[in-house]
Structure formats: C-alpha cells, structure tokens
Amino acid sequence: MQSILNRVLVLIASFLAAAIVIGTLVSFALKKAQPGKNIRTPDPSPLAVSSMSTPDNTKLDAFTGLGRLRAATKPDPKKAAGGTPVVITPWFSYPAGDRAFYEELSQKSTIMRAVITEYFSKYTEDELLSRGEEKIKADLLTALNERLSLNKIQAIYFSDYLFIE
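Every chain begins its residue count from 1, and numbering advances along the sequence as written. Residue-level local features of this predicted model are given only where pLDDT is at least 70; pairs of side-chain atoms are given and counted only at 80 or more, and the full residue set underlies all totals for whole chains, interfaces and linings. Hydrogens are left out, water is left out, and the side-chain values use all remaining heavy atoms of the structure.

A. Layout of the side chain of Thr 124. Note on placement: Thr 124 falls in the loop between α4 (109–121) and α5 (125–131). Burial classes: relative accessible area under 20% of the type maximum marks a residue as buried, over 50% as exposed, and values in between as partly exposed (1.4 Å probe, protein chains only). Thr 124 sits in the buried class, given a relative accessible area of 6%. Once residues lying within four places of it in the same chain are set aside, the contact partners of Thr 124 are Thr 73, Lys 74, Pro 75 and Asp 76. Helix and strand labels come from DSSP, where a helix needs a run of H or I of at least four residues and a strand needs a run of E of at least two; each type is numbered from the N terminus. Note on contacts: a residue pair is in contact if any heavy atoms of the two residues lie within 4.5 Å.

Below you can see the structure in the form of structure tokens.
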C-alpha cells in the first residue's frame, strides 16, 4: 500500500515539475523579452565628482539636496493605463566652496523638484526613452539654470532613473 502511495506522489511531483518547466519555457518563448533593452550606464557617485575637477582646475562639489523624486509620465494613448511612474534621484555638480550658490540651491530646491517632475510629466515613457538620457539631462540643465541667479549648475546626474512598469 505504501509503495503505491509513494509511486503516486512521485508521479504527481514529476507532473508538477514538468508543468512548471514547460510553463516557464512557453512564457519565455511567447513574451518577446529583450533583456538589457533599457539598461543605462550609471553616473558617477557624488563622492567621485567631489574629488574631480574641471579642465580649468576648479574643484567641484555635489548638491544632493533634492532627494528621490517620483513623477508620472504623460499617459500613452497606446496603453490603457495612465502615465508610467518614474523614479529619479538627481544631483548636481557646482563649483566647490561657493557657499552663496549652495544656499541658493537649497532655497530653490522645491522649485527645482517641480521643474524636474513637470518635465517628465510632459512626455510619455516611449518619448523619454527615444530622447535619451543625455538629451533629458541637457534639457533639465537648461531649465534649472534659467531659474538660478548666483551661478550655474555644471552638470546634472541621476543616481536613480527608473521606469516602473
């Protein structure tokens, strides 16, 4: 009796294992997966930029006061849902030792957050991906520098740049 029960259990376990393997293979075959499609090269860390200098030997500091921002892209008419959530952690390089400029960045951080989230809400996910990260950074750098009066941001970097699907 016990050997029959063991054979039945082995048969059921084999059937389940086969179903899982076949289901996995079928799902991979039908999904048109593109591994690595939207992988980005990471930007340097704020500490790395702080140890760098510009071609004219001006030391740089990093302003990381904006934190992690969450925005929604413009809704895509091809997709049923609303906009795609995007998570960005921007930070800037600026001339080291410029205390007045650091204070201006701190005071205008709310405005800068709004500029960045508004930028991402103007475009769909596909439009942002086709624009490319460098174009997005250049657009944001221009928009942010227009709002600054004491100095200009040297470069914008993203620690996080993720579309949540």
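Right, picking up where we left off after that structure.
B. Focus on empty space enclosed by the protein. Only protein atoms enter the 1 Å grid used here, on which a cavity is any set of points holding a 1.4 Å probe that cannot leave and a pocket is any open set flanked by protein within 12 Å on both sides along at least five of seven lines; residues with an atom within 4 Å of a point are listed as lining. Grid points are joined across faces, edges and corners, and a volume is the space filled by probe spheres set on the points. All chains considered together, the criterion is met by one cavity of 30 Å³ or more. Size it by volume and the largest cavity reaches roughly 40 Å³. Lining the largest cavity, in full, are Thr 73, Lys 74, Pro 75, Asp 76, Lys 79, Gly 82, Gly 83, Thr 84, Thr 124 and Glu 125. Throughout this entry, Asp, Glu, Lys and Arg are counted as charged residues, while Ala, Val, Leu, Ile, Met, Phe, Trp, Tyr, Cys and Pro are counted as nonpolar. The remaining residues, Gly among them, count as polar. Grouping the amino acids of the lining of the largest cavity by side-chain chemistry returns one nonpolar, five polar and four charged.

C. Structural context of the pattern of salt bridges. Throughout this description, the term salt bridge denotes a Lys or Arg side-chain nitrogen within 4 Å of a carboxyl oxygen of Asp or Glu. Summed over the entire model, instances satisfying the criterion amount to seven salt bridges. Arg 68 is the salt-bridge partner of Asp 160, the closest N and O atoms lying 3.0 Å from each other. One end of the pair, Asp 160, is in strand β4 (residues 155–163); the other, Arg 68, is in the loop between β1 (60–63) and β2 (69–72), and 92 residues separate them in sequence. Accessibility expressed as a relative area gives 48% for Arg 68, which makes it partly exposed. Between Arg 147 and Glu 146 there is a salt bridge, with its nearest N and O atoms 3.9 Å apart.

D. Broad picture of a nonpolar patch on the surface. Think of a patch as exposed residues, more than 30% relative accessible area, with no salt bridge, where like charges cluster within 9 Å and nonpolar side chains (Val, Leu, Ile, Met, Phe, Trp, Tyr) cluster within 5 Å. Note on areas: these come from Shrake-Rupley sampling with a 1.4 Å probe, and a residue is covered only by the protein chains present in the view. A contiguous nonpolar patch, built from Ile 4, Leu 5, Val 8, Leu 9, Ile 12, Phe 15 and Leu 16 and spanning about 700 Å² of accessible area, is present on the exposed surface. For Leu 16, the location among the structural elements is in helix α1 (residues 2–30). The exposure class of Leu 16 is partly exposed, given its relative accessible area of 48%.

E. Main features of the packing of aromatic side chains. Between 30 and 60 degrees the pair is tilted, below 30 it is stacked and above 60 it is edge-to-face, where a pair is any two Phe, Tyr or Trp rings, Trp via its six-membered ring, whose centres lie within 6.5 Å. Within this structure, the stated rule accounts for ten aromatic pairs. With centroids separated by 4.5 Å and ring planes inclined at 25 degrees, the aromatic side chains of Trp 91 and Tyr 157 adopt a geometry described as stacked. Within this pair, whereas Trp 91 is found in strand β3 (residues 85–95), its partner Tyr 157 is found in strand β4, the two being separated by 66 residues in sequence. In textbook terms, an aromatic cluster arises when at least three aromatic residues are bridged by ring pairs, as seen for Tyr 119, Phe 120, Tyr 123, Phe 158, Tyr 161 and Phe 163.

F. Local environment of the pairing of β2. The alternating pattern of β2 places Leu 69 and Ala 71 on a buried face, while none of Arg 70 and Ala 72, on the opposite face, is buried. In the sheet, β2 pairs with β3 via four bridges, with the strands oriented antiparallel. By the bridge assignment for β3, Ala 71 is matched with Val 86. The pairing criterion is simple: DSSP has to find at least two bridges between the two strands.

G. Local environment of the environment of Ile 111. Positionally, Ile 111 belongs in helix α4. Under the relative-accessibility criterion, Ile 111 is labelled partly exposed at 44%.

H. View of α4. An expected span of 1.5 Å times one less than the residue number is assigned to each helix. With 13 residues, α4 extends 18 Å from end C-alpha to end C-alpha; this agrees with the ideal 18 Å at 1.5 Å per step. Listed in full, the buried residues belonging to α4 are Ser 109, Met 112, Val 115, Ile 116, Tyr 119 and Phe 120. The buried residues of α4 occupy an angular sector of 125 degrees when projected down its axis, which confines them to one face. Comment: arc refers to directions from the helix axis out to C-beta atoms.

I. Spatial organisation of the packing of α4 against helix α6 (residues 133–146). It is the contact of α4 with α6, at a shortest axis distance of 10 Å, that shows an interaxial angle of 140 degrees. Accordingly, the angle class assigned to the pair α4 and α6 is oblique. Crossing angle aside, the handedness with which α4 passes α6 is right-handed. Across the interface between the two elements, Met 112, Val 115, Ile 116, Tyr 119 and Phe 120 of α4 pack against Lys 135, Ile 136, Asp 139, Leu 140, Ala 143 and Leu 144 of α6. Among the residues forming the contact of α4 with α6, the class breakdown is nine nonpolar, no polar and two charged. To obtain an axis, a line is fitted to C-alpha atoms, over the contacting stretch when the element is a helix, and the angle between two such axes runs from 0 to 180 degrees between their N-to-C directions. Note on angle classes: values under 35 degrees are labelled roughly parallel, values over 145 roughly antiparallel, values of 65 to 115 roughly perpendicular, and the remainder oblique. Left-handed describes a crossing whose near helix is turned anticlockwise from the far helix through less than a right angle; right-handed describes the clockwise counterpart.

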